[in-house]
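# Architecture at a glance
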Amino acid sequence: MKSNNAHESFFAYLNWAIGLNRLSLRLMGIWPDDSVAETKLFTTILRIPLIISVMMLCIVVPQMYALILVRNNLLLIIDNFMTSFPTLIGCAKFYFLWRSKEVLRPVVCSVTEDWLRPKSDLECQKMRDAAVVARLFTVGGYSLITGSLMGFIIAPLCGLNIRVEQNITDYGRQPLLVQSYYPYDYSQSPNFEITHSSQIVAACFVAMSLAVPDNYFGALVFHISGQFQLLGLNFEHFIKQNEKIVGIMAVRDFNKSLGVYVDRHVHLIRMVAIVEKSFNFIILIQIFCLCVMACCLGVRILSAIGNPNDKTAVIQIINLGATLISLMIFAFSNCYASETLASRSAEIFQQVYSSDWYKIPKRSTCCYLIMIMIMSKNPQMLSAGKILYLSLSTFCIILKSIAGYLSVLIAQSN
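Residues numbered from 1 in each chain as written. Predicted model: local features only at pLDDT ≥ 70, side-chain atom pairs only at ≥ 80, totals over all residues. Heavy atoms only, no water.

An unreviewed UniProt entry annotates the protein chain as Odorant receptor originating from Nasonia vitripennis. Its UniProt record gives the protein chain the following Subcellular location (unreviewed entry) comment, quoted word for word: "Cell membrane". Heading Sequence similarities (unreviewed entry) of the UniProt record for the protein chain holds this comment: "Belongs to the insect chemoreceptor superfamily. Heteromeric odorant receptor channel (TC 1.A.69) family." (UniProt positions renumbered as here; feature names shortened; annotations may be inferred.)

Set out below in structure tokens:
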């Protein structure tokens, strides 16, 4: 009875830690830990291609054609970019996440096993501490992106335009949600209602593409960081308990137990490599999207300052500013998660070195401890597209680069 209660408690912790990410990924059909029969369903396989098709046909393609028509007006080009570019980036993020579904299955299974296996109170507390940080970023990111999406959809219905209206692509009594061009007269009913509804659906998919992959990445990385921390603490406790070993059988049992820690360390390093392989390009294009959005929004703010009577600019700045803050939070969470992972993985080297390793058999030291120290000497760091390592200093460099790009755009707009 006690064992069943403990299992139910661990399962509740699992749902609390990854429940939001699992729900959103299952809605899109890319949660790796689903049953094989459900994974192979035709509707599940085609869910992401269908979402990408809606985003491309309802926003990207019409906006690219509209971009050709407004190419001589910098303000209209920026207005186009602030919606078309995140949509295009979202399609790419969904595609690469969909392609990595089976690659990430071992990582998700490992996370599930870590939460459901019997643990001490200290292990439970450390895992909850890591999950709290990931959940904080997840809830905050989802809240901001949902708020900006609601403003993006509801504001035009209340007569508050969130984009620049012009007579090049806009006609009829009411403009569409985004600057776009269609080869038919959308101003007539029911063409307008159908077109407007399709853009709303596509905008919801864009919001999901901006939030879901980064929250998924953060949840996995923070969990692995917590496991590195637990590995170091458990190893220190294990060495202290086995300082005096007498007899051949005791040495064999000690070596066998020590080998478990080595295997666990190798397993965690393998999990980091899988996450790196699956997310490095996704993180890179997310950073690129952040830079473009920040520059475009900066120019829009300056144009609003130069024209105080432009109410559209103020509303657009408020709405897209929330989106930009969401992207910055996602970029910060990715960099912070990677920095935490590097710190936790590097701590193992110091923990092994500071332990009473000289009190254990020399053969064990040569075969196991030196191996652990060699593997943990270099911290496990994640990169964005194999170009730059993610860390808090990298996040500061990104902000400095945005400021430089923005100064160039300001000079060009003047």
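### Side note on the overall build of the protein chain
Counting its secondary structure elements, the protein chain contains 12 helices and two strands. For the protein chain, the proportion of its 414 residues judged to be buried stands at 50%. Approximately 19,900 Å² of the protein chain is accessible, and the part contributed by carbon and sulfur atoms is 65%. (Helix = DSSP H or I, 4+ residues; strand = E, 2+ residues; numbered from the N terminus. Buried < 20%, exposed > 50% of the residue type's maximum accessible area, 1.4 Å probe, protein only. Areas by Shrake-Rupley, 256 points an atom, 1.4 Å probe, with all protein chains shown as cover.)

### Thoughts on empty space enclosed by the protein
As enumerated under the stated definition, the model contains eight cavities of 30 Å³ or more in all. Considered as a void within the structure, the largest cavity measures approximately 240 Å³ in volume. Looking at the largest cavity, it is lined by 18 residues, and the ones nearest its centre are Phe-152, Ala-203, Val-206, Leu-210 and Thr-323. Where the lining of the largest cavity is concerned, the elements lending two or more residues are α5 (74-99), α7 (121-157), α8 (191-241) and α10 (311-354). A breakdown of the residues in the lining of the largest cavity according to their chemical character gives 13 nonpolar, five polar and no charged. In this model, the second largest cavity occupies a volume close to 100 Å³. Taken together, Ala-17, Ile-18, Trp-115, Met-127, Ala-130, Ala-131, Ala-134, Ala-219, Phe-222, His-223, Gly-226 and Gln-227 form the lining of the second largest cavity. Broken down by element, the residue count for the lining of the second largest cavity peaks at five residues, all from α8. Of the residues that constitute the lining of the second largest cavity, the class distribution is nine nonpolar, three polar and no charged. (1 Å grid on protein atoms, 1.4 Å probe; cavity = no way out; pocket = protein on both sides within 12 Å on 5 of 7 lines; lining within 4 Å. Points joined across faces, edges and corners; volume = space filled by probe spheres on them. Nonpolar A, V, L, I, M, F, W, Y, C, P; charged D, E, K, R; others polar.)

### A short note on the pattern of salt bridges
Here the structure, examined in full by the defined rule, presents seven salt bridges. A salt bridge links Asp-214 to Lys-93; the nearest nitrogen and oxygen atoms lie 2.7 Å apart. With a gap of 121 residues between them, Asp-214 in helix α8 and Lys-93 in helix α5 connect regions that are remote in the sequence. Across the pair, exposure class does not vary: Asp-214 and Lys-93 are buried alike. (Salt bridge = Lys/Arg side-chain N within 4 Å of Asp/Glu carboxyl O.)

### Concerning the packing of α5 against α8
Running from N to C, α5 and α8 point in directions that differ by 45 degrees, and their axes come no closer than 9 Å. The angle between the axes of α5 and α8 places the two elements in the oblique class. As α5 runs across α8, the sense of the crossing is left-handed. Touching Pro-86, Thr-87, Gly-90, Lys-93, Phe-94 and Leu-97 of α5 are Phe-205, Val-206, Met-208, Ser-209, Leu-210, Pro-213, Asp-214 and Tyr-216, all from α8. For the contact of α5 with α8, a count of residues per class yields nine nonpolar, three polar and two charged. (Axes fitted to C-alpha atoms, helices over the stretch in contact; angles between N-to-C directions. Parallel < 35°, antiparallel > 145°, perpendicular 65-115°, else oblique. Left-handed = near helix turned anticlockwise from the far one by under 90°. Contact = heavy atoms within 4.5 Å.)

### With respect to helix α4 (residues 47-69)
The end-to-end C-alpha distance of α4 is 33 Å, a good match for the 33 Å that 23 residues give at a rise of 1.5 Å each. Of all the bends in α4, the greatest measures close to 40 degrees and is centred on Met-56. Among the residues making up α4, those that are buried are Ile-48, Ile-51, Ile-52, Met-55, Cys-58, Ile-59, Val-60, Pro-62, Gln-63, Ala-66 and Leu-67. Along its buried surface, α4 packs onto α5 and α8. (Expected span 1.5 Å × (residues − 1). Bend = angle between axes of the 7 residues up to and from the residue.)

### With respect to the environment of Ser-326
Its location among the elements puts Ser-326 in helix α10. On the accessibility criterion, Ser-326 (0% relative accessible area) is buried. Setting aside its immediate chain neighbours within four residues, Ser-326 contacts Gly-141, Leu-144 and Ile-145.

### Quick word on helix α6 (residues 105-116)
Here α6 contains 12 residues, and its C-alpha end-to-end distance of 17 Å stays within 8% of the 16 Å for a straight helix at 1.5 Å per residue. When α6 is considered as a whole, its buried residues turn out to be Val-107, Val-108, Ser-110, Val-111, Thr-112, Asp-114 and Trp-115.

### Focus: unusual backbone geometry
A cis geometry characterises the amide bond from Ser-189 onward to Pro-190, with omega recorded as 5 degrees. Mapping Pro-190 onto the fold places it in the loop between α7 and α8. Backbone geometry at Lys-386 places phi at a positive 60 degrees, although glycine is not the residue there. One can find Lys-386 in the loop between β1 (383-384) and β2 (388-389).

### Details of the packing of aromatic side chains
For any pair of aromatic rings, geometry is given as the distance between the ring centres together with the angle between the planes. In this structure the tally under the stated criterion is 20 aromatic pairs. Ring centres of Tyr-95 and Phe-96 lie 5.3 Å apart, and the angle between their planes is 75 degrees; this geometry places the pair in the edge-to-face category. Measuring from centroid to centroid gives 5.4 Å for Tyr-182 and Tyr-184, while their planes differ by 45 degrees, and the two rings are tilted. A relative accessible area of 9% places Tyr-182 in the buried class. Look at Tyr-184 and you get partly exposed, because its relative accessible area is 34%. (Phe/Tyr/Trp six-rings, centres within 6.5 Å; stacked < 30°, edge-to-face > 60°.)

### Describing the UniProt feature "transmembrane region" (unreviewed entry) in the protein chain
Look at the UniProt record and you will see "transmembrane region" (unreviewed entry) annotated at residues 48-68, 74-96, 279-302, 314-337 and 387-411. Note that residues 279-302 is 100% helix and 0% strand, and that its end C-alpha atoms are spaced 35 Å apart.

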